[in-house]
Structure formats: structure tokens, C-alpha cells
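Below, each chain spelled out in residue letters.
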2 protein chains.
Amino acid sequence: MNNKKASHIGRITGVALGPGDPELITVKGLNRLKEADKIYFPGSVSQSGQLSSFSLEILKNYGLPPERLHGLHIPMNKNRQHAGRVYDEAFELIRDDYNAGLDVVICTEGDISFYSTFGYLLERFQAANMTVELIAGVPAFIAAGAAAQLPISLQQDKLIVLSQLESVAELNSYLASFESVVIMKLSTIRHEIVDFLERANRPFLYAERIGTPDAFFTSQIERLKGRTIPYFSLLIFSRHIKTPFQV
Amino acid sequence: MNNKKASHIGRITGVALGPGDPELITVKGLNRLKEADKIYFPGSVSQSGQLSSFSLEILKNYGLPPERLHGLHIPMNKNRQHAGRVYDEAFELIRDDYNAGLDVVICTEGDISFYSTFGYLLERFQAANMTVELIAGVPAFIAAGAAAQLPISLQQDKLIVLSQLESVAELNSYLASFESVVIMKLSTIRHEIVDFLERANRPFLYAERIGTPDAFFTSQIERLKGRTIPYFSLLIFSRHIKTPFQV
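The shown structure was predicted, so the numbers you read here are calculated from the model rather than taken from an experiment.

A.B. asks: I keep staring at the nonpolar core and nothing clicks. Help me out?
C.D. replies: In summary, soluble globular proteins display a tendency toward joint burial of nonpolar side chains. Leu 33, Leu 59 and Phe 125 of chain A together with Leu 33, Leu 59 and Phe 125 of chain B are the most contacted members of the largest nonpolar core, which totals 128 residues. Setting aside residues up to four positions removed in sequence, Leu 33 of chain A forms contacts with Val 15, Leu 17, Ile 25, Ile 39, Leu 59, Tyr 62, Leu 64 and Val 105 of chain A. Residues Phe 178 and Phe 204 of chain A together with Leu 171 and Phe 237 of chain B belong to the second largest nonpolar core, which totals 48 residues.

A.B. asks: Explain the side chain of Ser 113 of chain B to me, please; I cannot follow it from the model alone.
C.D. replies: Relative to the elements of secondary structure, Ser 113 of chain B occurs in the loop between strand 5 (103–108) and helix 5 (118–127). Ser 113 of chain B sits in the buried class, given a relative accessible area of 1%. When neighbours within four sequence positions are excluded, Ser 113 of chain B is seen to be in contact with Ile 142, Gly 145, Ala 146, Leu 150, Pro 151, Ile 152 and Ser 153 of chain A.

A.B. asks: Quick question: what am I supposed to make of the relation of the copies chain A and chain B here?
C.D. replies: Turning one copy of the chain about an axis and sliding it along that axis gives the other copy, so a rotation and a shift relate them. For the pair chain A and chain B, the superposition axis carries a translation of 0.0 Å, the fit reaches an RMSD of 0.0 Å, and the rotation angle comes to 180 degrees. Considering both components of the superposition, the chain copies are consistent with a two-fold axis.

A.B. asks: Before we go on, may I ask you to explain the sheet that holds strand 11 (residues 233–238) of chain B in this structure?
C.D. replies: If you walk across this open sheet you meet the 10 strands as 10(A)-9(A)-11(A)-8(A)-7(A)-7(B)-8(B)-11(B)-9(B)-10(B), and the pairing is mixed. The open sheet is flanked by strand 10 (216–218) of chain A together with strand 10 (216–218) of chain B, the only strands paired with a single partner. On average, adjacent strands in this sheet sit at an angle of 15 degrees to one another, irrespective of strand direction. In this structure, strand 9 (residues 204–208) of chain B lies alongside strand 10 of chain B, joined through three bridges in antiparallel fashion. Each residue of the ladder has a partner; that of Tyr 206 of chain B, found in strand 10 of chain B, is Thr 218 of chain B.

A.B. asks: It is not clear to me how the side chain of Thr 212 of chain B should be interpreted in this structure. Could you clarify?
C.D. replies: All names here are of chain B. Residue position: Thr 212 is located in the loop between strand 9 and strand 10. The exposure class assigned to Thr 212 is buried, which follows from its relative accessible area of 15%. The residues contacting Thr 212, other than those within four sequence positions of it, are Gly 20 and Phe 54.

Rules behind the numbers
- Sequence order sets the numbering: in each chain, residues are counted from 1 along the sequence as written.
- For naming, the first written chain is A and the first written ligand is 1, with later ones following in the order written.
- Given that this is a predicted model, residues contribute local features only at a pLDDT of at least 70 and side-chain atom pairs are listed and counted only at 80 or more, while totals for whole chains, interfaces and linings are drawn from all residues.
- The side-chain numbers reported here are obtained from all heavy atoms of the structure, hydrogens and water having been left aside.
- Here, nonpolar core refers to any group of buried Ala, Val, Leu, Ile, Met, Phe, Trp, Tyr and Cys residues whose side-chain atoms link them within 4.5 Å.
- Under the scheme applied here, a residue whose accessible area is under 20% of the maximum for its type counts as buried, over 50% as exposed, and between as partly exposed, the area being computed with a 1.4 Å probe on protein chains only.
- In this analysis, two residues are considered to be in contact whenever any of their non-hydrogen atoms come within 4.5 Å of each other.
- Runs of E in the DSSP output that reach at least two residues are strands. Runs of H or I that reach at least four are helices, and both are numbered from the N terminus.
- A residue counts toward the fit only if its pLDDT is at least 70 in both copies, and the copies are then superposed by least squares on the C-alpha atoms of those residues.
- Any two strands are treated as partners once DSSP identifies two or more bridges connecting them.
- Axis lines are fitted through C-alpha atoms, for helices just across the contact stretch, and the angle between N-to-C directions can take any value from 0 to 180 degrees.

Below is the structure:
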């Protein structure tokens, strides 16, 4: 019991788990998880009702008491109203925990302020004037650079990050203007990628499920032909990719 | 003694220390530091010969044996030839350690593949076919987003990162085209920033020395007037900065 609990004011911390390798969490984030009374993690629920969570796969490695882990599962469809309702319900649960003086952690894969769904809970906490602390993490594209031993950007390079593109059409102008281009969450353009890479004829790094036992990296177009491109996937173009990357 | 040492082949690991808070290193990076026989850290030497190192300030917190710590101090001037010579000398030292079977860590503040000087050593290791492992870290702009409780980017936002700009002239077009703009290492445009922010009239987050006891954040132009802008400083423009950020 810490002082905060004794005075019946809880603590809310958002913890970024990093890209997938359980050891790529920060020391601060791991300490906060170990101290928490309750840990909420994001996941998804398919149309057939199946639950899955990349965050839970990471959390399983820390020896945390399972009864402290609570999933926030978002229905996998494009209906933002459903998702909004899940965030509303989650917000109410967490507000009750906070008012009960609990030490609550909400975690997220990758970083917490960089394309993270945590933003939807954060806006609710801020609207309710609740105090929240955020602990940063390693974004997936940063981990991909390290894994591929690639300087993503140096000195005065300009870098652009795109996510969930609707088509590859706009990529040519970005490739012409920026030394480094990162495209995250490729599944929206999965049917166009191979053709685009063939036309672009530029060194690239493709990475999926970075930091997990299923991680896959390649810089060879051949290895992407016919491949199923998952949600957690990215492409990096950089002038520092000098030779095709071998894995 | 691990197997690698027994067979007289060393290990070289590049470890990202993160933005400044000693607890924002990854668990993996800290473990590697603790195992290392020798730790090289970057620093600078002023024209009067004074040594300084932001990395060393972070390393001091981990209880590592001081005799294992070795500075690589780059002269603070624009002469890239001098810096190149320091990297050449460092490369030779580290190659000797590696050939002697030592476990060597080279560390860097922030991340290791994102605007890091580690890239200059990496190209030398790669040219010499030496095996290196890189351990990613939290970049400063990512840590700034968490500290300011700010979603830097969400969903399909486009984000651009600029570093060491030569002037603010090009910023207007970027601000018009991208939801999030990050500008790192502001000291090159320190005399133009206040004027630019007044003209732009857009919510911003300014951050310096993130994660250190001297960290400073503001979203108020008044607080930047007359301020000395250090090398480790950044600006974030994001459509998610809804109200001026208070610190």
C-alpha cells in the first residue's frame, strides 16, 4: 500500500510495451506493470467471437498474476461506433478503479502516443480531469531499423511516416522528396505492394511481427509475392539501405 | 565467461540509452550493459578541451564499474574530417577488443538508428564484416509525446520528422501538408523560432533535455523569448494539441 492508495486516490499509467520482444519494454514500464493492481490490455474480437491480443502475448512473459490482467477487446470491423462504445465502457471501469484508489496500468503495443489506440482513452481521461502518466516505448519502425542494422535517418535527412494508406498512388512523390519513408500497417495496400516495389526499383526493408518469434524481414520482392501481409507490418525506404538486406 | 569468449570471438552490441531518463532504457539494453566488459559512450570536447557527455550522465545511474566506461569524444566544430578520424580510431580500438574476445557495448542517447552518430561506426563494422547487434531505444520525440500526454499521431495521420534545419523557410509548406511535424535539434534555427511560432499561430509543444532533471516543456511562445535553445531540443506540431500544454 503506497500513500496514494491510503488517501483513496488511484493512479493511472499508460505503459507502452514496445514492438513485441518482451525485453524491449522500458525498465520504467516494466516496474509500473509489476506494481499495478490492475492491468488493462487491448485486443480484438473477431466476428466469430474469437479473442486475440498482441499485448497479452507480450505481457505473458513478465510473470504477472493472471487475475490482474483484463482485456479490452475491440470488435474487428470498420464500425467506429462499436469501438467508441468499448472505450466508453473501459473508461467507466477504469474511473471506478481510480476512485477506489487502485494502481491501474493500461498498456499498448509499440509506443503510446504514436499511432496508438490509447489516444481514445486518453481523451476521455483528460475530459474528466483525471491525472494520467504515460510511459513511452519503442515504436515498431525504430525496432525494425535496429533489427536490420540500418540507419533509418542521419543528420539532416527528412523522414515521413505514413500509416494505413488507402492506396500506393501518393508514394512516388514522397519517395522523390524524402530521404526516408516509413509506411506502417500495410494490410490496407497489401494487393498493391509487390507491383509498387517492382516499379519503384528502390532498396527497401519489409518487416512484419517485429520482435516476436514470428518476425520476418526481407528486402527481396520475390519473398513478398503471394505473402499474406498482416496488420503489424511496415516498409522502410531509406537512402542508407545500400545493399539488399539479407535475413 | 560465455561460449563466445571461450572461442575468442567477441561480441559488439550497440545499445540505445533512450532520451535521458535512466529508466527509459529497454530491459534488453540494460542487461547488455551489465554484461559488457567494455562500454564506449559518445561525448564531445569543446575548443578549450572540456569533455561532456549526455550518454555518460545516463550511464552513471546504472552502477556500472567506472573502469569499464570509455568515452569517444568528438571535437565540437563543423570539421567532419576531425570527427571521421575519431570514428576511425574508435573503430580500431573496438576491433582490437572484438578480436580479443571481449563483450563490447557502444551506446548512444535516444535511439540507435534514428539520427544517431552510431551510424558512422556501424558502416565501418559492416565494411569489415564484423557482426554487430543493435538494441533499439525510445527516440526523444516519442518521449516528449508521452511526457506531454499528447497523441503525436493517430490512425491515418501523416508525420514528418526534420532535423538540424538550415532555416524555418520550408516549414510553412510542411505544416500545411502534414498532420504532425517534428523538428529535432533546433539550435541551428534558434534565432528564428520565436518569430516563426508567432507567425504560424499553431499549437505546438517545445521540449528540451527530455527525461533529465533539467527537462523543460512549454507550448507558450512567451516562455521561449530570450531562451537559449540547446542542441537537445525539439518542436512538435500536431492536430492533437488542442489546448496550450501546461507544465
